[in-house]
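Chain by chain, the residues:
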Amino acid sequence: MKNVYAINEDSLRKAQEIIASGGVIVLPTDTVYGIACDPKNSEAIQRIYEIKGRPQYKALQVLLADVEDLENLGLELPSPLNRLAAKFLPGAFSPIAQANEICTLKTLSRNDAGVLTQGVRVPNSAACLRILRATGALAASSANKSGQESAQSVEEAYDAFGGSVDLYLNGGATKGHTASTVVIADIHGRDGIRIIREGVIPQSQIVRAIHENAGGLGS
């Protein structure tokens, strides 16, 4: 397999250079392998859609090294997602943040109320966080052709994409093929949220956390 590297200082420098120049990489997370690029580079983002065969209406997530990076990107988590993030991040929890006027991400979506939003995540993976600290925030999607099973290993990702990706970072097999749980704040929804995609964290655990935290953490 070409362009597949163990995670070390040399490969991290290479990943940083590739992302800065508009390239696309594959990296491990705590759930599945992901395909990623600079979230402020429209051409690189479009490459991910083309490589995956992903429908344009399906937004990309942004992976962060720390939840505090949200502010620097011009993003914020509405209540009760801010409370849930305090409990579940780092981890397999993907809240939908809202963008403010300083946000320059090219991965934003506009909801029915006209608000610009962005799905975010801080993976609970030392290897992934090491990569993100080197590259900065990354726009990402699961490393598989659209509609197929998410890659659990760099070998599965390579089978899907081959030479169309500039760099593969091998962090070993992930725990499974199941992705993160995506949650949006919804004043009309039960408990003020709506589960867009139920993944590693079940809905029951999310709801229980809202009720546990409501009294102590405030809104």
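Everything numeric here is computed off the predicted structure, so don't read it as measured data.

Engineer: What exactly am I supposed to notice about the overall build of the protein here?
Structural biologist: The helix and strand tally for the protein stands at seven helices and 12 strands. In summary, the protein has a C-alpha radius of gyration of 17 Å against a globular reference of 17 Å for 219 residues, a match within 12%. Its C-alpha atoms give the protein principal-axis dimensions of about 50 × 35 × 30 Å. For the protein, the residues scored as buried account for 50% of the 219 residues in total. Considering only contacts in the protein between residues 6 or more positions apart, those separated by 24 or more positions represent 64%. Of the side chains in the protein, 21 bear a positive and 23 a negative charge, and the two mean positions are spaced by 3 Å.

Engineer: How do you make sense of the packing of helix α1 (residues 9–20) against helix α5 (residues 126–135) when you look at a structure like this?
Structural biologist: How two helices sit against one another is set out by the angle between their axes and by the gap between those axes. Two numbers describe how α1 lies on α5: the axes approach to 9 Å, and their chain directions differ by 50°. The pairing of α1 with α5 is recorded here as oblique in orientation. Both α1 and α5 take part in a crossing whose hand is right-handed. Counting all contacts with α1, which are made through Glu9, Leu12, Ala15, Gln16 and Ile19, the residues of α5 involved are Arg130, Ile131, Ala134 and Thr135. By residue class, the composition of the contact of α1 with α5 is five nonpolar, two polar and two charged.

Engineer: Would you mind showing me how to read the packing of aromatic side chains here?
Structural biologist: Aromatic rings considered in pairs are described by the distance between their centres and by the relative angle of their planes. Counted by the stated rule, this structure contains two aromatic pairs. Look at Phe88 and Phe93: their rings are 5.7 Å apart centre to centre, the planes differ by 40°, and that puts the pair in the tilted class. In this structure, Phe88 and Phe93 share a single accessibility class: buried. Between Tyr158 and Tyr168, the aromatic rings sit 5.0 Å apart at their centres with planes inclined by 50°, giving tilted as the arrangement. Residue Tyr158 is found in helix α6 (residues 154–161), and its partner Tyr168 is found in strand β10 (residues 167–170); the two are separated by 10 residues along the sequence. A relative accessible area of 19% means that Tyr158 is categorised as buried. Its guanidinium or amino end placed over the ring of Phe88, Lys87 lies 5.8 Å from that ring's centre, counting from NZ or CZ.

Engineer: Would you explain the nonpolar core in this entry?
Structural biologist: Across soluble globular proteins, nonpolar side chains have a tendency to be buried as a group. Counting residues in each nonpolar core, the largest one holds 44 residues, and the members touching the most others are Ile25, Leu75, Leu84, Phe93, Val120, Ile193 and Ile206. Each residue touching Ile206, except ones within four places of it in the same chain, is listed here: Leu84, Phe88, Phe93, Val183, Ile193, Ile195 and Ile201. Counting residues in hydrophobic clusters, the runner-up holds 21 residues, among them Val26, Ala44, Val154 and Tyr158.

Engineer: For this particular structure, what's the right way to read the pattern of salt bridges?
Structural biologist: One side chain can pair with another of opposite charge once the charged atoms of both are near each other. Across all of its chains, the model carries six salt bridges by this definition. Across the salt bridge formed by Asp30 and Arg121, the nearest N and O atoms sit 2.7 Å from each other. On the criterion of sequence distance, the pair formed by Asp30 in the loop between β2 (25–28) and β3 (33–37) and Arg121 in strand β8 (residues 116–121) is long-range, its members being 91 residues apart. Each member of the pair Asp30 and Arg121 is classed as buried.

Procedures and definitions
- Residues numbered from 1 in each chain as written.
- Predicted model: local features only at pLDDT ≥ 70, side-chain atom pairs only at ≥ 80, totals over all residues.
- Heavy atoms only, no water.
- Helix = DSSP H or I, 4+ residues; strand = E, 2+ residues; numbered from the N terminus.
- Rg over C-alpha atoms; globule rule 2.2 N^0.38 Å.
- Buried < 20%, exposed > 50% of the residue type's maximum accessible area, 1.4 Å probe, protein only.
- Contact = heavy atoms within 4.5 Å.
- Lys, Arg positive; Asp, Glu negative; His and termini not counted.
- Charge placed at Lys NZ, Arg CZ, Asp CG, Glu CD.
- Axes fitted to C-alpha atoms, helices over the stretch in contact; angles between N-to-C directions.
- Parallel < 35°, antiparallel > 145°, perpendicular 65-115°, else oblique.
- Left-handed = near helix turned anticlockwise from the far one by under 90°.
- Nonpolar A, V, L, I, M, F, W, Y, C, P; charged D, E, K, R; others polar.
- Phe/Tyr/Trp six-rings, centres within 6.5 Å; stacked < 30°, edge-to-face > 60°.
- Lys NZ or Arg CZ within 6 Å of the ring centre and 35° of its normal.
- Core = buried A, V, L, I, M, F, W, Y, C linked by side-chain atoms within 4.5 Å.
- Salt bridge = Lys/Arg side-chain N within 4 Å of Asp/Glu carboxyl O.

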